[in-house]
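# Understanding the architecture of this molecule
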Amino acid sequence: MAARQEERSVAAWLHADMADAGTARTYYRMAIDAARRAEHGLLTAYMTGSLAQFELDEDPLLGLRLLARARTVMGDRPPPTTRAWLACLEALAHATARDERSCHTALAEAHRAVKASEQAAAPPWPWVFPFTGAKLAGFRALCAVRLARPAQALEAFAESLNAIQPAEKQRATLLLEIASIRRMEGEFAPVVCGCGKVHAAARPQGVPSAPVSLGINLQAWCVYLMIAHAIPVHRCVELVVSLTGAQPSPGFVHGMIARAATAVVQANLRIRALLTAAYVVCCDETPIRVGAKKAKKYLLVACTSLYTWYMLGDRTMATFKKFIIADLSGVLVHDRYQNYDSAELGVHVHQLCTSHLLRDLEDCAETYPGAAWPAQIQTALRGLIHAANLAREQGHPAMSAGTQAMWINSFRHGVRVGLSQVRRIPGPAKTVTQPIGRVLLEVLRDRENDVLRFAHDLQIPPTSNQAERDIRPAKTQQKISGRLRSEQTTEHRYAIRGYISTAAKHGADVMTAIRDALLGRAWMPPDPLPA
């Protein structure tokens, strides 16, 4: 039975070397079964541990389960060599799973077992060679590689290779591990040419001369994850570790937000300047949780189909004066919040968002279920929006005059009927609350030009939906990450967000735009095409 086990174990090792994982697993299990039938506890533990070593790189948790099983079959008083080997494999599995504390605990157990094995006689079969301190150093090096500890890995590799001369296969494997450490270190080794000249490659752009650093692509990826997908800093670190093996500190990753924000300052100044010259600009604002627990801020956005610009503040006139509105020269599309109409911000041409108007009219329909005017006004607005969209899609300069006149006439009649049915209550506005719908109807009557401007000029959108789309990421971020602690970091986040949103609207690759900004050559929006 033991001979059959030996045959199957050799077959398992051969298939593992040929990268035939499925067949290797089959032979490993057959070898374990043969050892169990032979009632040889150490042999069963050895083959179970061998299967664990085969599995742990792909699935460290499976490897740990197999190693726990190996410990249960090796007897009450296993030899020190067996204990040292299994403890080293457990340390390697923990290191692969990024559990540094458990890894060090297992290595400490292996060290004690190695010390005990020095007092023992020859190692027990199926172990042929003693488990020495040099072998333990080799496992320490492999663990350090998986834990991204380059200095510790190189020191342990040196200790191991100075004490033993591995076979060619083992030597090739060790050299690959050392090469991965050199890559992790970012070390640039000079090479001596046959002519005697020494050559050394230049560092890639964006890679500092620090002993350990993240390349520019990885830096850009961190910024992309945090800003474009609202991934929290610690989860971003975990993703980088899992997918690349690099292990940046949370502080470094968080610091990339400020670095990227600084890198896009000039681009955002240009975006703001281009918005001030735009023919139409959509604006919106939304509350976000920033700073102290009970504090509430507002994120303001000004945007077009090509540009996005954010500002953190509140809904006071002081914030609106700092915002972009006073500098705009085009049509302002908004949701009727009072500050947009303030004379303190200058004289502007307005388009009131019809999406908000339609929602308000829906409230009126629920309040007055027997009235026909809410549905009539809604139908007229939707008819004008559809006619404008259809004319725009077909390349016409305007909707047909007949269609326009029909829907505008229907709109006006609906407003008149509504005003006749929902009467104003006399008295000052500060003390008298008007019936639901009365103020809305007065807006539709008194500001008809601002409500229907889109029907006369197809360059003007009927809604501020563009602004709502550009501000929606703030809500997504709050659902994922919760309250943002720092106002300054929040300003940095939305400086980057405005930059990448504008780049995406121009068809630029967002990752490339972030990478170029970090390299000091931020993407810039081109000059607008002439009208």
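Residues numbered from 1 in each chain as written. Predicted model: local features only at pLDDT ≥ 70, side-chain atom pairs only at ≥ 80, totals over all residues. Heavy atoms only, no water.

So, about the nonpolar core. Membership of the largest hydrophobic core comes to 47 residues, with the highest contact counts inside it found for Ile377, Leu381, Phe411 and Leu444. No other element matches helix 16 (residues 373-393), which puts nine residues into this core. Apart from the residues lying within four places of it in its own chain, the contact partners of Ile377 are Leu361, Phe411, Gly414, Val415, Leu441 and Leu444. By size, the runner-up hydrophobic cluster in this structure holds 43 residues, among which are Leu66, Ala106, Leu142 and Leu147. (Core = buried A, V, L, I, M, F, W, Y, C linked by side-chain atoms within 4.5 Å. Buried < 20%, exposed > 50% of the residue type's maximum accessible area, 1.4 Å probe, protein only. Helix = DSSP H or I, 4+ residues; strand = E, 2+ residues; numbered from the N terminus. Contact = heavy atoms within 4.5 Å.)

Glancing now at helix 21 (residues 487-505). Between its first and last C-alpha atoms helix 21 spans 27 Å; for 19 residues at 1.5 Å apiece the expected length is 27 Å, and the two agree. Of the residues that open helix 21, the one with a side-chain oxygen 3.3 Å from the backbone nitrogen of Gln488 is Ser486. Gly507 sits one or two positions beyond helix 21 and adopts a positive phi of about 85°. (Expected span 1.5 Å × (residues − 1). Polar contact = N/O pair within 3.5 Å; in protein donor to acceptor, adjacent residues only side chain to side chain.)

What follows is about the packing of aromatic side chains. Counting across every chain of the model gives 10 aromatic pairs. Here Tyr368 and Trp373 contribute two aromatic rings whose centre-to-centre distance is 6.1 Å and whose plane-to-plane angle is 45°, an arrangement assigned as tilted. In this structure an aromatic cluster arises from ring pairing among Trp309, Phe320, Phe323, Tyr337 and Tyr340. When the ring centre of Trp309 is taken as origin, the NZ or CZ atom of Arg272, which lies over that ring, is 5.2 Å away. It is Arg315 that lies over the ring of Tyr337; its NZ or CZ is 3.8 Å from the centre. (Phe/Tyr/Trp six-rings, centres within 6.5 Å; stacked < 30°, edge-to-face > 60°. Lys NZ or Arg CZ within 6 Å of the ring centre and 35° of its normal.)

A few words now on helix 5 (residues 80-96). Between its first and last C-alpha atoms helix 5 spans 24 Å; for 17 residues at 1.5 Å apiece the expected length is 24 Å, and the two agree. Most of helix 5 sits out of view: 15 of its 17 residues are buried. Two residues or fewer after helix 5 comes Arg98, characterised by a positive phi angle close to 65°.

Throughout the structure, instances matching the rule amount to 22 salt bridges. Taking the shortest distance from any N to any O, the salt bridge between Glu344 and Lys321 comes out at 2.7 Å. A residue pair is termed long-range when its members are at least 10 positions apart, and Glu344 in the loop between strand 6 (331-334) and strand 7 (349-352) and Lys321 in helix 14 (residues 317-322) qualify at 23 residues. Note on Lys321: relative accessible area 46%, which makes it partly exposed. Among the ionic pairs, Arg359 bridges to Glu468, the shortest N-O distance being 3.9 Å. Within this pair, whereas Arg359 is found in helix 15 (residues 354-367), its partner Glu468 is found in helix 20 (residues 465-481), the two being separated by 109 residues in sequence. Members of the salt-bridge network, linked through shared partners, are Asp341, Arg447, Asp450 and Arg453. (Salt bridge = Lys/Arg side-chain N within 4 Å of Asp/Glu carboxyl O.)

Once that is clear, we can look at a positive patch on the surface. A cluster of basic residues, Arg289, Lys296, Lys475 and Lys479, forms a positive patch on the protein surface. Of note, Lys296 is situated in the loop between strand 3 (280-288) and strand 4 (297-303). What makes Lys296 exposed here is its relative accessible area of 55%. (Patch = residues over 30% accessible without salt bridge, like charges linked within 9 Å, V, L, I, M, F, W, Y side chains within 5 Å. Areas by Shrake-Rupley, 256 points an atom, 1.4 Å probe, with all protein chains shown as cover. Lys, Arg positive; Asp, Glu negative; His and termini not counted. Charge placed at Lys NZ, Arg CZ, Asp CG, Glu CD.)

This paragraph deals with the sheet that holds strand 7. The strand order 5-4-3-6-7 describes an open sheet built from five strands, whose pairing is mixed. Taken across any chain shown, the strands that pair with only one partner, and hence form the sheet edges, are strand 5 (308-313) and strand 7. Direction aside, the axes of adjacent strands within the sheet are offset by 25° on average. In terms of strand pairing, strand 3 meets strand 6 through three bridges, oriented parallel. Counted as the bridge partner of Val281 is Leu332 from strand 6. Helix 13 (residues 265-276) contacts strand 3, strand 4 and strand 5 of the sheet and is inclined by roughly 105° relative to strand 5. (Pairing = 2+ DSSP bridges. Axes fitted to C-alpha atoms, helices over the stretch in contact; angles between N-to-C directions.)

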